[in-house]
Amino acid sequence: MSESSGEAMEKRLAGNAAFQQKDYDLAITCYSEAIALTGEPGDPKLFGNRSAAKLGKGDAAAALEDAEKALELDPTWQKGYTRKAYALAAMEKHFAATRAYEEALEKATLSVSERTWFHKKLQETQKTAMKMARQLPVEDEDSFIQVYATLRDKREKLCTLARFWNVMTSPERFSAFQRFLEIMAGKQEGVEPPEGLTEERMTALPMDNYADLEDLPTWTTFFAELGMEDRLRVLERMWNTLETASQSLV
């Protein structure tokens, strides 16, 4: 072992001891010094340890950066995915955290017991993500589509589409209707709407059949703030998650 390697190990152990004592600032300093002594390309475990210390300090964004660096160095290291998922959950990016667990199951070297643990964490995080998705602002389009695709109640899916339809103006609804005609015609552009169907006839949908369902204003706000092309894309992606019978109802 070289002198620098020995010093790096000493710093790592000092960082571990500080972490156990919850002295996160000292742990971060020790791990940073160990990383500098190790040199390129770097030790993924040091970045993973520093990620845990940064998360302990409350700096989830910095913890995520170190977790991603650890995985860049070793995509098979299972603790890198754990660090990433914990950081994302702390940032309330719960669906992104589920993807971290899914990536671990796909890419990491796991024992049988570790695979079981990751499956359990994935299921727990999915439940949390679904619960929080009904309360928090939508993270991004991909996260929303993931939430929508996992809805079990077909009526809730159709209700959400109806709410989004009602957010739009009559001309916007006409454009959306035109897009769905093109989708059903196999992406063929320029499909003509039925004769007599005009913008004026693109009225709001009645919501009486969905009166028993929970209103989700954060979802409606997300859709309302999108530009028209983004709205059309989101509606198409939502439609693609539906079963054939529900697509026919649309």
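This text follows the structure it describes.
We now turn to the structure provided with this report. Sequence positions are assigned chain by chain, starting from 1 and proceeding in written order. pLDDT decides what is reported in this predicted model: residues at 70 or higher carry local features, side-chain atom pairs at 80 or more are listed and counted, and totals for whole chains, interfaces and linings draw on all residues regardless. Excluding hydrogens and water, the side-chain values take into account all heavy atoms of the structure.

1. Details of the nonpolar core
For the record, the criterion: Put simply, a nonpolar core is a bunch of buried Ala, Val, Leu, Ile, Met, Phe, Trp, Tyr and Cys residues held in one set by side-chain atoms that sit within 4.5 Å of each other. Three exposure classes are used, based on accessible area relative to the maximum for each residue type with a 1.4 Å probe and protein chains only: buried under 20%, partly exposed in between, and exposed over 50%. Each helix is a run of H or I in the DSSP string that is no shorter than four residues. Each strand is a run of E no shorter than two, and both are numbered from the N terminus. The contact rule is simple, with two residues in contact once any of their heavy atoms fall within 4.5 Å.
F144, F223, V234, L235 and M238 are the most contacted members of the largest nonpolar core, which has 30 residues in total. Put simply, the parts of the chain that give this core at least two residues each are α7 (112-133), α8 (141-149), α9 (154-167), α10 (170-184), α11 (217-224) and α12 (228-241). It is α12 that provides the largest number of residues to this core, a total of five residues. Ignoring sequence-local partners within four residues, the contact set of V234 consists of E141, F144, I145, F222, F223 and L226.

2. What about the pattern of salt bridges?
For clarity, the cut-off: Salt bridges are defined by distance alone: a side-chain nitrogen of Lys or Arg within 4 Å of a carboxyl oxygen of Asp or Glu.
One pass over the structure, following the stated rule, counts 18 salt bridges. Residue E33 is joined to K11 by a salt bridge in which the shortest nitrogen-to-oxygen separation is 2.8 Å. Residue E33 is located in helix α2 (residues 24-38), and its partner K11 is located in helix α1 (residues 3-20); the two are separated by 22 residues in the primary sequence. Residue class for E33 comes out partly exposed when judged on its relative accessible area of 33%. Its relative accessible area of 31% is what places K11 among the partly exposed residues. Notably, a salt bridge pairs R237 with E141, separated by 2.7 Å at the nearest N-O pair. Note that R237 is positioned in helix α12 and E141 in helix α8, a separation of 96 residues in sequence. Taking relative accessible area as the criterion, R237 reaches 27% and is therefore assigned partly exposed. For E141, a relative accessible area of 15% puts it in the buried group. Each of the salt bridges in this network shares a partner with another, and the network as a whole consists of E141, D142, D230, R233 and R237.

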